[in-house]
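Topology and contacts: notes
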Protein chains: 2
Amino acid sequence: MMKMEIGVLVVDDNQMMRRGLRGSLDIEPDLRVIGEAANGEEALALVRQHKPDVITMDYQMPGDNGVVVTEKILEEFPAAKIILLSIFDSEEDVWNAVRAGVRGYLTKKSGDVKELLEAVRSVAAGGTYYPASIAGKLEERRKQPDLTKREMEILTLLADGNTNKEMARILDISDMTVKLHLANLREKLGAVDRTQAVVLAYKKGILHIEE
Amino acid sequence: MMKMEIGVLVVDDNQMMRRGLRGSLDIEPDLRVIGEAANGEEALALVRQHKPDVITMDYQMPGDNGVVVTEKILEEFPAAKIILLSIFDSEEDVWNAVRAGVRGYLTKKSGDVKELLEAVRSVAAGGTYYPASIAGKLEERRKQPDLTKREMEILTLLADGNTNKEMARILDISDMTVKLHLANLREKLGAVDRTQAVVLAYKKGILHIEE
DNA sequence: TTGGTACCTACCCGTTTGGGTAGGTTATTG
DNA sequence: CAATAACCTACCCAAACGGGTAGGTACCAA
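All of these numbers come straight from a predicted model, not from anything done at the bench.

Residue and element names in this part refer to chain B. With parallel pairing, 5 strands are arranged side by side in an open sheet as E2-E1-E3-E4-E5. Only two strands of the sheet have a single neighbouring strand rather than two, namely strand E2 (31-37) and strand E5 (104-107). Strand after strand, the sheet turns through a mean of 20° between neighbouring axes, direction not considered. By the bridge criterion, 4 bridges tie strand E1 (residues 6-11) to strand E3 (residues 54-58) in an arrangement that is parallel. If you follow Val-10 over to E3, its bridge partner there is Thr-56. Lying on the sheet, helix H2 (residues 40-50) is in contact with E1, E2 and E3; it crosses E2 at an angle near 140°.

So, about the interface of chain A and chain B. Taken together, the 36 residues of chain A in the interface contact 36 residues of chain B. Counting the surface lost from both chain A and chain B, the interface buries some 3100 Å², and carbon and sulfur atoms represent 60% of this. Linking chain A to chain B there are 0 salt bridges. The interface formed by chain A and chain B contains 7 residue pairs in polar contact (both at pLDDT 80 or more). Among the secondary structure elements, those contributing two or more residues to the side of chain A that touches chain B are helix H1 (15-26), helix H5 (113-124), helix H7 (149-159) and helix H10 (194-204) of chain A. Tallied by class, the residues present in the side of chain A that touches chain B amount to 15 nonpolar, 10 polar and 11 charged.

A word on the domain arrangement of chain A. Many authors give the size of an interface as the accessible area that is lost as the parts come together. Its domain assignment divides chain A into domain 1 (6-141) and domain 2 (149-204). Relative to domain 2 of chain A, the C-alpha centre of domain 1 of chain A lies at a distance of 34 Å.

A word on the protein's contact with DNA strand D. Taken together, 17 residues surround DNA strand D, and among them Thr-148, Arg-150, Ser-174 and His-181 of chain A together with Arg-186 of chain B come closest. Sugar plus phosphate: this is where 69% of the atoms of DNA strand D within 4 Å of the protein reside. Separating a phosphate oxygen of DNA strand D from a backbone N or O atom of Ser-174 of chain A is a distance of 2.5 Å. For the surface near DNA strand D, the leading source of residues is helix H9 (residues 175-189) of chain A, giving 4 residues.

So, about the packing of helix H7 (residues 149-159) of chain B against helix H8 (residues 164-171) of chain B. Residue and element names in this part refer to chain B. As a packed pair, H7 and H8 sit with axes 10 Å apart at the nearest point and diverge in direction by 125°. As the angle between them shows, H7 and H8 are arranged oblique. Seen along the crossing, H7 lies across H8 with a hand that is right-handed. Along its contact with H7, which presents Arg-150, Glu-153, Ile-154, Leu-157 and Leu-158, the element H8 presents Met-167, Ile-170 and Leu-171.

What follows deals with the protein's contact with DNA strand C. Residues in close proximity to DNA strand C total 17 residues, the closest being Arg-186 of chain A together with Thr-148, Arg-150, Ser-174 and Thr-177 of chain B. In DNA strand C, atoms within 4 Å of the protein come 67% from sugar and phosphate. Interatomic distance of 2.9 Å between a backbone N/O atom of Asn-164 of chain A and a phosphate oxygen of DNA strand C. At 2.9 Å from a phosphate oxygen of DNA strand C is found a side-chain nitrogen or oxygen belonging to Lys-165 of chain A. Elements supplying a minimum of two residues to the surface near DNA strand C: helix H8 (164-171) and H9 of chain A together with H7 and helix H9 (175-189) of chain B.

The rules behind each value
- Residues numbered from 1 in each chain as written.
- Chains lettered and ligands numbered in written order.
- Predicted model: local features only at pLDDT ≥ 70, side-chain atom pairs only at ≥ 80, totals over all residues.
- Heavy atoms only, no water.
- Pairing = 2+ DSSP bridges.
- Helix = DSSP H or I, 4+ residues; strand = E, 2+ residues; numbered from the N terminus.
- Axes fitted to C-alpha atoms, helices over the stretch in contact; angles between N-to-C directions.
- Contact = heavy atoms within 4.5 Å.
- Buried area = accessible area lost by both parts, 1.4 Å probe.
- Salt bridge = Lys/Arg side-chain N within 4 Å of Asp/Glu carboxyl O.
- Polar contact = N/O pair within 3.5 Å; in protein donor to acceptor, adjacent residues only side chain to side chain.
- Nonpolar A, V, L, I, M, F, W, Y, C, P; charged D, E, K, R; others polar.
- Domains from an automatic or database assignment.
- Near = heavy atom within 4 Å.
- Parallel < 35°, antiparallel > 145°, perpendicular 65-115°, else oblique.
- Left-handed = near helix turned anticlockwise from the far one by under 90°.

Take a look at the structure:
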């Protein structure tokens, strides 16, 4: 009555990573990699074709990232079981993935194959899988209020080295209002000043280092 | 007279990455992976034992990072040919690796196997290998002056949300001096204010996001 | 010995920031 | 309909920051 094999779809743009994942999974007697996708479109096509039991999904990919692809897959196949794999594990990253509906989140840093296998089996059986460190970040994030759209704009402008007056001009609002948003955003992030605000925003994964 | 096979040592703490690398290299007729190491000690031991023609070295590892391990290997075997593989490719990261004496630097983001093979063969033949994006960052970094020890201390304290007065107290110097270092450091980083200074420090890889 | 670099201090002065307090409109949702 | 959240503006005031200028010491290398 139990299905003998767990069919896994590997989604990762990194060719070497795909090779490593396939090797680690295929060697297990109860697991079988039924396909590899390097991006969102390929992933969706293979999901439609093979209905995999579990999908391992990379976060960073050209085009749609793993969270967006997850949303698209779940929209069409609400029962799909997706485990997100990422080099990054900031509070915000984990939060976004969980909100999108993933069943597990693993960090690539460790590269721990045992952990991966546990996650795949647990999720295939209908459970979820979050290592302690990830679960902690999720809990931490849950306690924090979201930044509003305006606060995000201010935060971005702040990181670009704008003064309050400049931000006011850019957003076409009073610099009094900028001060207000800034105060709220410092409060939400737990920062003592504007400089620490951007630092904490980076650490929490709200802002990203892209040049 | 030419050596038929290029012996490669793979150094990476990530088990899946090692698997992917080995698979990608071993499949080539002219390449042979003669060992895998998960950290600096293992790497050094295998280098002594096998004298590999080329070493692919991960940046992020528990214990000594890839640059430190590179230095240790080159101290003992100055002719060793090392290619650094990293997820990160900030100006500072590339700069540190090149200063340590690597012959090539590849980013793991692409996971481009062709590029890896080209790099290994080029380096084995006595050449170097830097993709255009990496070479550009190296050139960029070369033009910039180093931060002094004091400036680094100020930068770190700055990112922690300290005011000038607090930094002065912590470093036991005048807040006038803090202002001076801060001005120099803004100048070197090309930042308009203290907030942008830490942002640029992150982007350049001088500061790191660790919680 | 001279030059360069890192490091330190001080003054003046205008601008920017942050804290507090007190109001308002609009849109959404129970 | 009332409550809530997001958004906006204004005032006062003290503290912090940034720009300019003008010095000093210590050390290392040419």
